[in-house]
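# Geometric and topological summary
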Amino acid sequence: MKKEEIFYRIVFFFIGLIVMSLGIALTIEANLGVSAWDVLHIGLYKTFGLTIGTWSQIAGLIIVLFTYLLDKKVVFIGTLLNMIFVGWFIDLFLFILPTMHKGQWFYQSLFFILGMIIMAIGTGMYITSNLGAGPRDGLMLVLSNRLNWSIRKVKTWMELIVLVIGFFLGGPVFIGTLILSVFIGPLMQFFITFWGVRFENILRLHLSKEKEKWV
């Protein structure tokens, strides 16, 4: 892989992480319920302190270590960067964005819908960069191979387990949790395909321009 290509992949990767983190923060501030993993992160935050982003990092680190013990493969740099920076970006956006209070249905719904779409856009971008899956996705793939289960089945069980744990720790489970569980998968799949085509076109365009400079 050429240096120019690596540069563009890294840029696309980090833009994706920032956009995805903004989407996550919007769904949290919407106060309508969050994804299963964020139920866990918020539950841990409410029970033990620290910040939501920090618990995202800690959970990510534990998952990376567990995945390595199961698979014994070298961890991609993108997985580690995802684990570290998403937590920081989430905390930054939670500091900046206002919290919607219960009863502000229009603004809550607006924050939530925008957050869900933006989260899917960002996820599609960082996955398209092909620098390594996030810690949770990596574990899902390893468990799917180990247990000989479908990815959908593994994802369902993983999210059910963390949802229950997060709920008992005080994490917010509401209508938004159900909506995300139904719609976020198809939205992510759409934007992975969407960005996959466009990123390759962008890459070819810029690499061809770089080549022309040396002709």
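Residues numbered from 1 in each chain as written. Predicted model: local features only at pLDDT ≥ 70, side-chain atom pairs only at ≥ 80, totals over all residues. Heavy atoms only, no water.

## A few points about the packing of aromatic side chains
Selection rule: Pairing of aromatic side chains here covers Phe, Tyr and the six-membered ring of Trp, requires ring centres within 6.5 Å, and sorts the geometry by plane angle: under 30 degrees stacked, over 60 edge-to-face, intermediate tilted. Each helix corresponds to a stretch of at least 4 residues labelled H or I by DSSP, and each strand to a stretch of at least 2 residues labelled E; elements are numbered beginning at the N terminus. Any residue under 20% of the maximum accessible area for its type is buried, any over 50% is exposed, and the rest in between are partly exposed; the area is computed with a 1.4 Å probe on protein chains only.
In the structure shown here, the tally under the stated rule is 14 aromatic pairs. Centre to centre, the rings of Phe12 and Trp195 are 5.6 Å apart; their planes meet at 75 degrees, and the pair counts as edge-to-face. Of this pair, Phe12 sits in helix H1 (residues 3–30) while Trp195 is found in helix H8 (residues 175–213), placing the two residues 183 residues apart along the sequence. The residues Phe12 and Trp195 share a single accessibility class, namely buried.

## Some details on a nonpolar patch on the surface
Applicable threshold: To count toward a patch, a residue needs a relative accessible area over 30% and no salt bridge; like charges are then connected within 9 Å, while nonpolar side chains (Val, Leu, Ile, Met, Phe, Trp, Tyr) are connected within 5 Å. Working definition of accessibility: Shrake-Rupley area with a 1.4 Å probe, residue cover restricted to the visible protein chains. The rule for a salt bridge is simple: a side-chain nitrogen of Lys or Arg has to be within 4 Å of a carboxyl oxygen of Asp or Glu.
On the surface, a nonpolar cluster with roughly 980 Å² of combined accessible area is contributed by Leu147, Trp149, Trp157, Leu160, Ile161, Val164, Ile165, Phe167, Phe168 and Val173. With seven residues, helix H7 (residues 151–168) is the single largest residue contributor to the nonpolar patch. Within the element layout of this structure, Val173 appears in the loop between H7 and H8. With relative accessibility at 37%, the residue Val173 sits in the partly exposed group.

## Brief notes about the environment of Gly78
Test applied: Here a residue-residue contact requires only that any non-hydrogen atoms of the pair lie within 4.5 Å.
Here Gly78 is to be found in helix H4 (residues 77–96). Using a relative accessible area of 1% as the deciding quantity, one classes Gly78 as buried. Leaving out residues up to four positions away in the same chain, Gly78 has contacts with Phe13, Leu131 and Gly132.

## What about unusual backbone geometry?
Positive phi, normally seen in glycine, also occurs at Asn31, with a value near 60 degrees. With a phi angle near 60 degrees, Asn148 is a residue other than glycine that sits in the positive phi range. Topologically, Asn148 is positioned in the loop between helix H6 (135–147) and H7.

## Description of H1
Which entries qualify depends on this criterion: Multiplying 1.5 Å by the helix residue count minus one yields the expected span of that helix.
Between the first and last C-alpha of H1 there are 41 Å, a value that for 28 residues agrees with the 40 Å anticipated at 1.5 Å per step. A positive phi of about 60 degrees marks Asn31, the residue just after H1.

## Notes on the nonpolar core
The following threshold applies: What makes a nonpolar core is a set of buried Ala, Val, Leu, Ile, Met, Phe, Trp, Tyr and Cys residues whose side-chain atoms join them at distances within 4.5 Å.
Ranked by internal contacts, the top residues of the largest apolar core, which has 37 residues, are Leu17, Met20 and Ile28. Contributing elements (two or more residues each) for this core: H1, helix H2 (36–48), H4, helix H5 (105–128) and H8. Among the elements that line this core, the one with the most residues is H1, at 10 residues. With sequence-adjacent residues up to four places away left out, Leu17 is seen in contact with Leu81, Asn82, Phe85, Val86, Phe89 and Tyr126. In this structure, Ala36, Leu40, Ile63 and Val162 belong to the second largest nonpolar core, which totals 14 residues.

## Some details on the confidence of the model for the protein chain
Parts of the prediction with low pLDDT should not have their coordinates interpreted in detail. The cut-off we apply is this: Each residue carries a pLDDT score, the predictor's confidence in it, ranging from 0 to 100.
Per-residue confidence for the protein chain averages 87 on the pLDDT scale, and 94% of its residues sit at or above 70. Averaged pLDDT values for the elements of the protein chain fall to 78 in H8 and rise to 95 in H2.

## Brief notes about the side chain of Asp38
Put simply, the rule reads: A positive count includes Lys and Arg, and a negative count includes Asp and Glu. His and the chain ends are not counted in either. Contacts described as polar in this section are N or O atom pairs within 3.5 Å, which, within protein, must combine one atom able to donate a hydrogen with one able to accept it, while residues neighboring in sequence count only if both atoms come from side chains.
In this fold, Asp38 is placed in helix H2. For the buried Asp38, which has no salt bridge, the nearest side chain bearing the opposite charge is Arg136, at an N-O separation of 7.1 Å. Within the structure, Asp38 has its side chain in polar contact with the side chain of His41 (distance 3.3 Å).

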